[in-house]
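Examination of the molecular architecture
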2 protein chains.
Amino acid sequence: MNTNSPVQQIIKQVISSWVGQSKVVTDLFTLYEDNHYQNEVAPGRNRGVYLLGHLISASDGMIPLLGFGERLYPEFVQLFSSNPDRSFELPSVEELKEKWTNLNKLLSDNFDKMQAEDWLDRHTNVSPEDFAVQPERNKLSILLGRTNHISYHSGQLIFLKKKEVLPL
Amino acid sequence: MNTNSPVQQIIKQVISSWVGQSKVVTDLFTLYEDNHYQNEVAPGRNRGVYLLGHLISASDGMIPLLGFGERLYPEFVQLFSSNPDRSFELPSVEELKEKWTNLNKLLSDNFDKMQAEDWLDRHTNVSPEDFAVQPERNKLSILLGRTNHISYHSGQLIFLKKKEVLPL
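Quick look at the structure, then.

Rules and cut-offs
Residues numbered from 1 in each chain as written. Chains lettered and ligands numbered in written order. Predicted model: local features only at pLDDT ≥ 70, side-chain atom pairs only at ≥ 80, totals over all residues. Heavy atoms only, no water. Helix = DSSP H or I, 4+ residues; strand = E, 2+ residues; numbered from the N terminus. Rg over C-alpha atoms; globule rule 2.2 N^0.38 Å. Buried < 20%, exposed > 50% of the residue type's maximum accessible area, 1.4 Å probe, protein only. Contact = heavy atoms within 4.5 Å. Areas by Shrake-Rupley, 256 points an atom, 1.4 Å probe, with all protein chains shown as cover. Lys, Arg positive; Asp, Glu negative; His and termini not counted. Charge placed at Lys NZ, Arg CZ, Asp CG, Glu CD. Least-squares fit on C-alpha atoms with pLDDT ≥ 70 in both. Buried area = accessible area lost by both parts, 1.4 Å probe. Salt bridge = Lys/Arg side-chain N within 4 Å of Asp/Glu carboxyl O. Polar contact = N/O pair within 3.5 Å; in protein donor to acceptor, adjacent residues only side chain to side chain. Phe/Tyr/Trp six-rings, centres within 6.5 Å; stacked < 30°, edge-to-face > 60°. Expected span 1.5 Å × (residues − 1). Axes fitted to C-alpha atoms, helices over the stretch in contact; angles between N-to-C directions. Parallel < 35°, antiparallel > 145°, perpendicular 65-115°, else oblique. Nonpolar A, V, L, I, M, F, W, Y, C, P; charged D, E, K, R; others polar.

Let us now look at the overall build of chain A. Summing up its helical and strand segments, chain A has seven helices and zero strands in all. For chain A, the N- to C-terminal ordering of α and β elements is α-α-α-α-α-α-α. Against the 2.2 N^0.38 benchmark of 15 Å for 168 residues, chain A shows a C-alpha radius of gyration of 17 Å, consistent with a compact globule. Dimensions of chain A along its principal axes, counting C-alpha atoms only, are 45 × 40 × 25 Å. Within the span of chain A, comprising 168 residues, buried residues form 50% of the whole. Of the contacts formed within chain A by residues at least 6 apart in sequence, a portion of 67% connects residues at least 24 apart. Looking at chain A as shown, the accessible area adds up to about 7900 Å², and 50% of this sits on carbon and sulfur atoms. A distance of 5 Å separates the average location of the 17 positive side-chain charges in chain A from that of its 21 negative side-chain charges.

See the structure below:
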């Protein structure tokens, strides 16, 4: 039975969409030995390991934007959001996978504590004045955007799948 | 000023997320001459033209699922959702771009006519009995899923961008 209010039901589904897309990435990184993710997703493109760091940095950015606290891995902003692949020494795949897991756990725990209506509040990167005329700049917009961002890079990471099963 | 109810505000944003992701694809297909989209997004992967057909088929599928009517291009299911690239003769890029535009217009027009609460109704592929215990199998879930699907393939189509600007 549906015991959720419409707002609760919708928010639950938007969160579930984010959880699902994050899990696609988690699952992709459990398929092969760590070494495999040192490959480029396509010739001349980013390596799997770099894209995982990039996704960690993007998800980590939700912590301050949604008012949960400070980033867990602030050093990743410079590395994975400002610099291209191969311009610095990357952490190991093992380390990145652990950070990705920790981060998703922290985010999920915080999402669980939010009321559905909290998602309609402004995120921390918009002023109350701007928010008054742009109500769409709320916390929900961050989650929707980051979910699409994960899907976007999943479409690239899938190219690391070996060809026994040809992905779309 | 925000004059929307919470449900209206959230639905508006979810639709806007779909519109934005569809537009990423539209914009990518305006960058170069049609011939460029005959290229594979990466060696041995699908061609741009195939992925556009695939995305048309996926978006077209929303018409019956959301109760708007019949698919505009039913022949695309077999072509672009059941068969891999290079197994059949593809429509031209010009034709596909026109179909993509028509389809997005029809979908947007129908979205505009919906009440926010309509998105919480079951989609046509779930029975009333199943929906009673799985309220998340509503129309909104279709839109969220298709939006992620567009983002996923956008992450691949971006590889068709010439290297003057290196995409992430």
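Moving on, there is more to tell.
This brings us to the relation of the copies chain A and chain B. Of the transformation superimposing chain A on chain B, the axial component is 0.0 Å and the angular component is 180 degrees, with the fit at an RMSD of 0.0 Å. Taken together, the turn and the small shift mark the pair as related by a two-fold rotation axis. The rotation axis passes nearest to the C-alpha of tyrosine 152 of chain A in chain A, at a distance of 2.1 Å. Interface overlap between copies is the fraction of interface residues in one copy that are interface residues in the other; for chain A against chain B it reaches 100%, indicating a shared surface.

Moving on: unusual backbone geometry. A positive phi angle is found at arginine 86 of chain A, which is not glycine, with a value near 70 degrees. Here arginine 86 of chain A is to be found in the loop between α4 (75-82) and α5 (93-113).

In this section: the interface of chain A and chain B. Taken together, the 43 residues of chain A in the interface contact 43 residues of chain B. Buried surface at the junction of chain A and chain B, both sides included, amounts to about 3600 Å², of which 63% is carbon and sulfur. The tally of links between chain A and chain B comes to zero salt bridges. Taken together, the links from chain A to chain B amount to twelve residue pairs in polar contact (both at pLDDT 80 or more). Where the side of chain A that touches chain B is concerned, the elements lending two or more residues are α1 (6-28), α2 (48-60), α6 (128-133) and α7 (139-157) of chain A. Counting residues per element, the side of chain A that touches chain B draws most heavily on α7 of chain A, which supplies eleven residues.

With that settled, consider the packing of aromatic side chains. Residues and elements named next belong to chain A. Enumeration according to the criterion identifies 20 aromatic pairs over all chains in this entry. Judged by centre distance (5.7 Å) and plane angle (35 degrees), the rings of tyrosine 73 and phenylalanine 76 are tilted. Each of the two residues, tyrosine 73 as well as phenylalanine 76, counts as buried. The structure contains a cluster of three or more aromatic residues connected by ring pairs, namely Tyr50, Tyr73, Phe76, Phe80 and Phe88.

This next bit is on the environment of methionine 62 of chain B. Residues and elements named next belong to chain B. Checked against the element boundaries, methionine 62 lands in helix α3 (residues 62-65). Exposure remark for methionine 62: the relative accessible area of 0% places this residue in the buried category. With 52 residues separating them along the chain, methionine 62 and methionine 114 place their C-alpha atoms 14 Å apart. With sequence-adjacent residues up to four places away left out, methionine 62 is seen in contact with Trp18, Phe68, Leu107, Phe111, Ile142, Leu143 and Arg146.

Its 19 residues give helix α7 (residues 139-157) of chain B an end-to-end C-alpha distance of 27 Å, which sits within 8% of 27 Å, the value for a rise of 1.5 Å per residue. With 15 of 19 residues buried, α7 of chain B is to be regarded as a mostly interior element.

All right, on to the pattern of salt bridges then. Applying the stated criterion across every chain yields a total of 14 salt bridges over all chains. The residue aspartate 27 of chain B makes a salt bridge to lysine 23 of chain B at a minimum N-O spacing of 2.8 Å. Separated by four residues within a single helix, aspartate 27 of chain B and lysine 23 of chain B lie in helix α1 (residues 6-28), roughly one turn from each other. When its relative accessible area of 33% is taken as the criterion, aspartate 27 of chain B is described as partly exposed. Among the salt bridges present, the one from aspartate 34 of chain B reaches lysine 97 of chain B, with a minimum N-O distance of 3.6 Å. In this pair, aspartate 34 of chain B is assigned in the loop between α1 and α2 (48-60) and lysine 97 of chain B in helix α5 (residues 93-113), connecting sequence segments 63 residues apart. A relative accessible area of 29% means that aspartate 34 of chain B is categorised as partly exposed. Judged by its relative accessible area of 25%, lysine 97 of chain B is partly exposed. A network of salt bridges, in which partner residues are shared, links Glu40, Arg47, Asp85 and Arg86 of chain A.

This paragraph deals with the side chain of asparagine 138 of chain B. Following the sequence through the fold, asparagine 138 of chain B ends up in the loop between α6 (128-133) and α7. Side-chain polar atoms of asparagine 138 of chain B contact the backbone oxygen of proline 135 of chain B, separated by 3.2 Å. Those residues in contact with asparagine 138 of chain B, other than ones at most four positions away along the chain, are Gln9 and Gln13 of chain A together with Trp119, Leu120, Asp121, Arg122, His123 and Phe131 of chain B.

Right, let's talk about the packing of α1 of chain B against α5 of chain B for a bit. Two numbers describe a pair of packed helices, the interaxial angle and the distance between the axes. Residues and elements named next belong to chain B. Their axes nearest at 12 Å, the elements α1 and α5 cross at an angle of 170 degrees. As the angle between them shows, α1 and α5 are arranged roughly antiparallel. Seen from α1, the contacting residues are Ile15, Trp18, Ser22, Val25 and Thr26; seen from α5, they are Trp100, Asn104, Leu107, Ser108 and Phe111. Residues of the contact of α1 with α5, tallied by class, amount to six nonpolar, four polar and no charged.

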